[in-house]
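# Fold and contact review
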Amino acid sequence: MEAPAAPAPSRAQIVTLTMNPALDITTSIDVVRPTDKMRCGSTRYDPGGGGINVARVGHVLGASVEAVFPAGGPTGGLVMSLLDDAGVTFRQVAIAASTRESLTVNETSTGQQYRFVLPGPRLTSAEQSLCLDQLRMAAESAEIVVASGSLPPGVPPDYYQRVADMCRDLGIRLILDTSGGGLRHVSSGVYLLKASVRELRECVGRPLVTEPEQVAAAHRLIEWGRAQVVVVSLGSRGALLVTMHTGQRFSAISVPAGSGVGAGDAMVAAIAVGLCRGWPLAKSVRLGIAAGAAMLTTPGTATCDRAHVERLFELAAEPCDLGPVFNA
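Residues numbered from 1 in each chain as written. Predicted model: local features only at pLDDT ≥ 70, side-chain atom pairs only at ≥ 80, totals over all residues. Heavy atoms only, no water.

## Considering the overall build of the protein chain
A tally of helices and strands in the protein chain yields 10 helices and 14 strands. At 19 Å, the protein chain has a C-alpha radius of gyration in line with the 20 Å of a compact globule built from 328 residues. With the principal axes as the frame, the protein chain shows a C-alpha extent of 55 × 50 × 40 Å. In the protein chain, the share of contacts with a sequence separation of at least 24, taken over all contacts with a separation of at least 6, comes to 68%. Within the structure as shown, the protein chain displays about 13,700 Å² of accessible surface, and the carbon and sulfur contribution to it stands at 52%. One way to put it: in the protein chain the 28 positive side-chain charges average out to a point 4 Å from where the 29 negative ones average out. (Helix = DSSP H or I, 4+ residues; strand = E, 2+ residues; numbered from the N terminus. Rg over C-alpha atoms; globule rule 2.2 N^0.38 Å. Contact = heavy atoms within 4.5 Å. Areas by Shrake-Rupley, 256 points an atom, 1.4 Å probe, with all protein chains shown as cover. Lys, Arg positive; Asp, Glu negative; His and termini not counted. Charge placed at Lys NZ, Arg CZ, Asp CG, Glu CD.)

## Things to note about the sheet that holds strand β7 (residues 112–117)
The strand order β3-β2-β6-β7 describes an open sheet built from four strands, whose pairing is mixed. Two strands in the sheet have a free side with no partner beyond their single neighbour: β3 (44–48) and β7. Adjacent strand axes in the sheet meet at a mean angle of 20° when their direction is disregarded. The sheet contact formed by strand β6 (residues 100–107) and β7 spans six bridges and is antiparallel. If you follow Leu103 over to β7, its bridge partner there is Phe116. (Pairing = 2+ DSSP bridges. Axes fitted to C-alpha atoms, helices over the stretch in contact; angles between N-to-C directions.)

## Points about the nonpolar core
A general trend in soluble globular proteins is that nonpolar side chains are found buried together. Ranked by size, the top nonpolar core spans 56 residues in total, and within it Ile14, Phe69, Val146, Ile175, Leu192, Ile253 and Val309 carry the most contacts. At 11 residues, helix α8 (residues 263–276) tops the list of elements feeding residues into this core. Excluding residues within four positions of it along the chain, Ile175 makes contact with Ile144, Val145, Val146, Ala147, Leu192, Val268, Ala272 and Leu275. (Core = buried A, V, L, I, M, F, W, Y, C linked by side-chain atoms within 4.5 Å. Buried < 20%, exposed > 50% of the residue type's maximum accessible area, 1.4 Å probe, protein only.)

## Observations concerning helix α3 (residues 125–139)
End to end, α3 covers 21 Å across 15 residues, agreeing with the expected 21 Å (1.5 Å per residue, within 8%). Looking at α3, one finds that the buried residues are Glu127, Gln128, Cys131, Leu132, Leu135, Ala138 and Ala139. Taken around the axis of α3, the buried residues stretch over an arc of 145°, which confines them to a single face. In this structure, α3 carries Ser125 and Ala126 as exposed residues pointing more than 90 degrees from its buried face. Buried residues along α3 sit in contact with β1 (14–17), β4 (65–71), β5 (89–94), β8 (144–148) and α4 (159–170). (Expected span 1.5 Å × (residues − 1). Arc of directions from axis to C-beta.)

## Describing the pattern of salt bridges
Enumeration over the complete set of coordinates arrives at 10 salt bridges. Measuring nitrogen to oxygen at the nearest pair gives 3.1 Å for the salt bridge that ties Arg306 to Glu310. Placement of both Arg306 and Glu310 in helix α10 (residues 306–315) is noted, with a separation of four residues, approximately one turn of the helix. Its relative accessible area of 35% is what places Arg306 among the partly exposed residues. Through salt bridges that share partners, Arg44, Asp46 and Arg56 make up one connected network. (Salt bridge = Lys/Arg side-chain N within 4 Å of Asp/Glu carboxyl O.)

## Topic: the sheet that holds strand β13 (residues 246–250)
The 10 strands are arranged β5-β4-β1-β8-β9-β10-β11-β12-β13-β14 in an open sheet whose pairing can be described as mixed. Two strands lie at the open edges of the sheet, namely β5 and β14 (320–324), each paired on one side alone. Shown here is a sheet whose adjacent strand axes are inclined to one another by a mean of 15°, direction ignored. Examined bridge by bridge, strand β9 (residues 173–177) and strand β10 (residues 190–196) share two bridges and lie parallel to one another.

## Side note on the pairing of β9
The buried fraction of β9 amounts to four of the five residues, a majority that puts the element mostly inside the structure. In this sheet, β9 lies alongside β8 in parallel orientation, the contact comprising five bridges. Bridged to Val146 within β9 is Ile175. Handedness of the β8-α4-β9 crossover: right-handed. (Right-handed = clockwise from strand over helix to strand, strands pointing away.)

## As for the environment of Arg198
Its place among the elements puts Arg198 in helix α6 (residues 197–204). Overall, the relative accessible area of 43% leaves Arg198 in the partly exposed class. A sequence separation of 158 residues divides Arg198 from Cys40, and the C-alpha atoms of the two residues are 32 Å apart.

## Description of the environment of Ser233
Inspection of the secondary structure assignment puts Ser233 in strand β11 (residues 227–233). Since its relative accessible area comes to 18%, Ser233 is described here as buried. Distance in space between the C-alpha atoms of Ser233 and Glu199 is 10.0 Å, their sequence separation being 34 residues. When near neighbours in sequence (up to four residues on either side) are disregarded, Ser233 contacts Lys194, Ala195, Ser196, Val197, Gly238, Ala239 and Met267.

## Brief notes about the packing of aromatic side chains
Counted according to the given criterion, the structure contains two aromatic pairs. On the basis of an interplanar angle of 35° and a centroid distance of 5.7 Å, the ring pair of Phe69 and Phe90 is categorised as tilted. Highlighted residues: Phe69 in strand β4 and Phe90 in strand β5, separated in sequence by 21 residues. Like Phe90, Phe69 is buried. Taking the centre distance of 5.5 Å and the plane angle of 20° together, the rings of Trp279 and Phe313 count as stacked. (Phe/Tyr/Trp six-rings, centres within 6.5 Å; stacked < 30°, edge-to-face > 60°.)

Function cannot be inferred from these measures alone, as they are strictly geometric.
As structure tokens, this is what we get:
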């Protein structure tokens, strides 16, 4: 399959980096059973991976966005074709191996969702360097870089620190949303870190059962210099926003239950869009809460609708001020 030509590069407000993109495949079946051959329903294909999802939502919300990612093989060609159809500008770094696939199966009889995530292709050192080169070129005139998603095999765990160093050199704010070694090996240079409670727990090595413990852990990362701002996603309980001096709690927006795939990426995208609009942090996080809620109502990783996000944003409550933050 011949890969489509990328749209002509333009000055993007937001540049995203996805080191481990995927072709997201979503289907459904009445009951998931072991061993049996299961006949699934219709199939949906979406371009996926953290930064690509961020770019798609940012584009829908009206921001100028450019996605940077490695891609190879027929799967990578399909990812690019789908992005091209969506009108999302991108820069592909051609790689020898094939882009991974991810499978989501919705069990209709129970409403449960099964997600199968493959590790992705192994990137060579040369391919990794090319990704940084393309990111630098795309980001030179941007306002925000969003690095999001896992690191594929062969990429060292300090790779995102190299991205942070680059953004610092360029004077551009970096939003980081990752986990595992990619998160633990970042020591400085991040403007906003978005983390789940589990990811925050991995960083500080504590259970973090209560909200004060979660706020204190986020504040500890700021004190250590890893980030200036930490947003902790709490799923159905909303989110926390922690800065050096204050903390705020944001309530979730109630929506009909649906697929949770891509909700966190939508949240990050909307926060970046709000910041590019010149909004304060709290208002940007409220937009993020609205976008994450809107994403819950879409099938698979289908992109949320801008009008829906704006309606939910009007319903988003003002945050609760937690007062001065200190480490427990």
